[in-house]
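Survey of secondary and tertiary structure
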Amino acid sequence: MDYRLQPTLVTIKNSSLTKAIAELPIQLRNKLYIMCFRKFWREFIPITAKIPSWYSSARQQEKELFDARQQNIHFLHLPCNTLPGNKRYIVGCQCSSCTKDHSKDEHNLSFRENPYYFTDTIPWTITKWNNRYDHICSETEYGYECISHYPIFDPEYDISDPLQVKIHKNEVSFS
Ligand SMILES: [Zn+2]
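Read on for an overview of the structure. (Residues numbered from 1 in each chain as written. Predicted model: local features only at pLDDT ≥ 70, side-chain atom pairs only at ≥ 80, totals over all residues.)

**Describing the overall build of the protein**
Across its full length, the protein holds eight helices and two strands. The buried share among the 175 residues of the protein stands at 11%. (Helix = DSSP H or I, 4+ residues; strand = E, 2+ residues; numbered from the N terminus. Buried ≥ 20, exposed ≤ 12 C-beta atoms within 10 Å, placed from the backbone.)

**Things to note about the pairing of strand 2 (residues 143–151)**
Sparse coverage of strand 2 is indicated by the burial of zero of its nine residues. Strand direction decides the pairing type here: strand 1 (residues 133–140) and strand 2, joined by eight bridges, are antiparallel. From the neighbouring strand, S138 faces strand 2, where its bridge partner is E145. Turn length for the strand 1-strand 2 hairpin, with the two strands adjacent in sequence and antiparallel, is two residues. (Pairing = 2+ DSSP bridges.)

**A short note on the environment of T99**
Locating T99 in the fold gives a position in helix 5 (residues 96–99). Taking the number of C-beta atoms within 10 Å as the measure of exposure, T99 has 12 and is therefore exposed. On a C-alpha basis, the gap between T99 and D158 in space is 9.7 Å, while along the polypeptide they are 59 residues apart.

**A closer look at helix 3 (residues 26–43)**
Helix length check: helix 3, at 18 residues, gives a terminal C-alpha distance of 26 Å against a target of 26 Å (1.5 Å per residue), a fit within 8%. By the criterion of burial, helix 3 is predominantly exposed, with just zero of the 18 residues buried. (Expected span 1.5 Å × (residues − 1).)

**Focus: helix 4 (residues 55–71)**
Taking 1.5 Å of rise per residue, the 17 residues of helix 4 would be expected to cover 24 Å, and the 24 Å separating its terminal C-alpha atoms lies within 8% of that figure. Little of helix 4 sits inside the fold, with one of its 17 residues counted as buried. Residue N72 follows helix 4 closely and has a positive phi angle near 55 degrees.

**Points about the nonpolar core**
Among the nonpolar cores identified, the biggest contains eleven residues, and these are A68, I73, F75, Y89, I90, V91, C93, C95, C98, F111 and F118. Contacts of Y89, omitting those with residues within four sequence positions, involve C98, D101, S103, K104 and H107. (Core = buried A, V, L, I, M, F, W, Y, C linked by C-beta atoms within 7 Å. Contact = placed C-beta atoms within 7 Å.)

**Some details on unusual backbone geometry**
Phi is positive for N72, which is not a glycine, with a value near 55 degrees. Position of N72 among the secondary structure elements: in the loop between helix 4 and helix 5.

This is the structure:
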C-alpha cells in the first residue's frame, strides 16, 4: 500500500470506487491523484479570499455615516440608532424628522440664548459624535499638528448660514 495516497483514501475509504482505484497500477493511481488535485485547486477559493458576509452591510453603514456628516444629520438620528417615532428634535439636525418639527424655532431660540443648550439636551458621550469636528493630526518632529478639521455635526447649522447660502450670498466676480 502506498502511504502517500492514504489521506485521500481515508475520506472515501469504504466506497467501491476506492477499492477499484486501489487495484490499479501505482503509476496510474498517482496520475489520477494529480489530476484530481489539479481540478480541486482550480475550483477552490480559500475562505480568506472570499468577500466576508458582513462586507455589504459595513459598506452601507460607512456610506450612511459619510452622508450624515455631509448633510449635518446627528448620529442619534441615523436609521440604525433611533426609530422614526422616537426621534426628538436636536438643534441643527437636518434629518427629515427634525426639519419637519414644529418646535424647531423654539429650540433654536433657546440655543441662541444658551450656547450649552445643545449639550444639555442630548445624551452625554465620550465618542466624537457630539463634536463639531474630527481633528486629523499628523506627527511632526515637535509633536502632533492638526492638518484638517473634518466636520461631524454643527448644532448651529440652522442659526448660522449653511455653506450653500454662504456660497450664493457673496457673488464672486472676476476682473
Ligand atoms: Zn434629526
